[in-house]
Amino acid sequence: MDQVSPLSIAQVTDTHLFASENEKMLGMTTIESFQAVVERLKQLKSELDLILLTGDLSGDGKPESYDILQSILNSLQIPVYWLPGNHDCAIAMSDTLNVGMVSRRKSFKRGGWNFILLNSCVAGCLHGYLSGKTLDWLNSELKTLGDAPTLVALHHPPFAVNSAWLDSTILKNPREFFAVLDHYPQVKLVLFGHIHQEFQHRRYEVSYLGTPSTGLQFRSQTPTLTIDKQDPGFRLLKLYPSGMWETVVERVPYVNPYVNPLGLAAKAGELAILP
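Quick look at the structure, then. Remember, predicted model here, so these are calculated numbers, not experimental data.

Strand β10 (residues 206-210) sits mainly inside the fold: five of its five residues count as buried. Burial of β10 is two-sided: the residues V206, Y208 and G210 facing one way and the residues S207 and L209 facing the other way are all buried. Examined bridge by bridge, strand β8 (residues 187-192) and β10 share four bridges and lie parallel to one another. Of the residues in β10, the one forming a bridge with V190 is Y208. Two elements, strand β9 (residues 199-203) and β10, share five bridges in a ladder whose sense is antiparallel. For H201, the partnering residue across the bridge sits in β10 and is Y208.

In structure tokens:
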């Protein structure tokens, strides 16, 4: 492994905060589980260079939910970058999440790496899609930024995750996405959220990583929505200038007052608001 000090980042995703701090997502008070993750990030502050938020930061898309998020992020005093998820309101996010060390930039350089953040959301839909305009921008950025190792992030996974209900909501045009990435060998990592569970897949020389939510976890390989008992989590990555990288998913102990040891199967209407 490189002797040069790596860039250390935390990927935090699917916080699902609400305008009302008392509102719950299927029984979990998401702000409490998120704050448990934030306390762990505070412990790691001296080691972290930046935080990357990969969508569904709000559970209701209301401006007040982003005000709450901005306030919590400010307490960390760590550079933060973000992209929207299908539950977010991109306009409200852009208006609010741009103060202090929270940036709305979608292309930047840090620690010898390039970062490109994509909007894969379709208004009113759970699934993802990368528009022609977005794909053209991605291609242009990759061409302009040069040969430094590159991390691309979006909300929706470009692969099925072997859960029928989730697989209906993934990125709908992955081939067009791959067609762009395949031209640029400097792309090393693609990060995403949405699936509320850990996931890793390698395609050619690119690794695709999904990350647990800071709230509820979805059980993997299930035909219908089922809640997993695993703790909230986030992903830590160390990125070396050579393009090498290391990663680990960290779980944060959190006792959810809503306990169902057998898991929670979807009820009528719940799929309309998840994932």
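For the rest of this paragraph, the subject is helix α6 (residues 174-181). Three or more residues of α6 are buried, namely P174, F177, F178, V180 and L181. Along α6, the residues classed as buried sweep out an arc of 155° about the axis, all on the same side. Looking at the buried residues of α6, the elements they touch are α4 (132-145), β7 (150-153), β8, β9 and β10.

This part takes up the sheet that holds strand β1 (residues 7-12). With mixed pairing, the six strands of this open sheet are ordered in space as β4-β3-β2-β1-β13-β14. In this open sheet, the two edge strands, each paired with only one partner strand, are β4 (102-103) and β14 (245-251). Across five bridges, the pairing between β1 and strand β13 (residues 233-239) is antiparallel. Each bridged residue has a counterpart across the sheet, and for S8 the counterpart in β13 is K238.

Our next topic: the pairing of β1. Along β1, six of the six residues are buried, which leaves the element largely enclosed by surrounding structure. Neither face of β1 is exposed, since L7, I9 and Q11 on one face and S8, A10 and V12 on the opposite face are all buried. As paired elements, β1 and strand β2 (residues 50-54) share four bridges and run parallel to each other. The partner of A10 across the bridge, within β2, is I51. Chirality of the crossover, the property in question, places the unit of β1, helix α1 (residues 30-43) and β2 among those that are right-handed.

Taken as a whole and assessed by the stated rule, the structure comprises eight aromatic pairs. Geometrically, the ring pair formed by F159 and Y208 is edge-to-face, given 4.9 Å between the ring centres and 85° between the ring planes. Of this pair, F159 sits in the loop between β7 and α5 (164-167) while Y208 sits in strand β10, placing them 49 residues apart in sequence. When the ring of W165 is compared with that of F218, the centres are 4.9 Å apart and the planes differ by 70°; the resulting orientation is edge-to-face. A residue pair is termed long-range when its members are at least 10 positions apart, and W165 in helix α5 and F218 in strand β11 (residues 217-218) qualify at 53 residues. Like F218, W165 is buried.

Taken together, six strands build an open sheet; the order of strands is β5-β6-β7-β8-β10-β9 and the sheet is mixed. Lying at the two open borders of the sheet, with one neighbouring strand each, are β5 (107-110) and β9. Looking at each pair of strands side by side, their axes are set apart by 20° on average, direction ignored. Across the sheet, α4 touches β5, β6 (113-117), β7 and β8, and the angle it forms with β6 is around 170°.

Structurally, the position occupied by G55 is in the loop between β2 and α2 (63-76). Classification of G55 by relative accessible area gives buried; the value is 0%. On a C-alpha basis, the gap between G55 and T13 in space is 5.9 Å, while along the polypeptide they are 42 residues apart. When residues no more than four places from it in sequence are discounted, the contact partners of G55 are T13, D14, L83, P84, G85, D88 and H155.

The tally for this structure, following the rule as stated, stands at four salt bridges. With a closest N to O distance of 2.3 Å, R40 and E250 form a salt bridge. Taken together, the positions of R40 in helix α1 and E250 in strand β14 put the pair 210 residues apart, joining distant regions of the chain. A salt bridge links R202 to E205, with the shortest nitrogen-to-oxygen separation between them at 3.0 Å.

It is worth spelling out the side chain of S103 at this point. Relative to the helices and strands, S103 is located in strand β4. We classify S103 as buried; its relative accessible area is 16%. Apart from residues no more than four positions distant in its own chain, S103 is found in contact with V80, Y81, W82 and L97.

Rules of the game
- Sequence order as written defines residue numbering, which begins from 1 separately in each chain.
- Where totals are concerned, whole chains, interfaces and linings use all residues; where local detail is concerned, this predicted model gives features only for residues with pLDDT of at least 70, and gives and counts side-chain atom pairs only at 80 or more.
- As a rule here, side-chain values come from all non-hydrogen atoms in the structure, and water together with hydrogens is ignored.
- Here the term buried applies to any residue with accessible area under 20% of the maximum for its type, exposed to any over 50%, and partly exposed to those in between, with areas from a 1.4 Å probe on protein chains only.
- Under the scheme used here, helices are H or I runs from DSSP no shorter than 4 residues and strands are E runs no shorter than 2 residues, and both carry numbers assigned from the N terminus.
- Strands are treated as partners if at least two bridges between them are detected by DSSP.
- By definition, the arc is the one covered by directions from the helix axis to the C-beta atoms.
- Pairs of residues are marked as contacts when any of their non-hydrogen atoms sit within 4.5 Å.
- Handedness of a crossover: with both strands directed away from the viewer, a clockwise path from the first strand across the helix to the second marks it as right-handed.
- Note on aromatic contacts: the rings of Phe and Tyr and the six-membered ring of Trp form a pair at centre separations within 6.5 Å, being stacked when their planes are under 30 degrees apart, edge-to-face when over 60 apart, and tilted otherwise.
- A fitted line through C-alpha atoms represents every axis, and for helices the fit uses only the stretch in contact; the resulting angles, taken between N-to-C directions, go from 0 to 180 degrees.
- Throughout this description, the term salt bridge denotes a Lys or Arg side-chain nitrogen within 4 Å of a carboxyl oxygen of Asp or Glu.

Worth remembering: the numbers are spatial, not functional.
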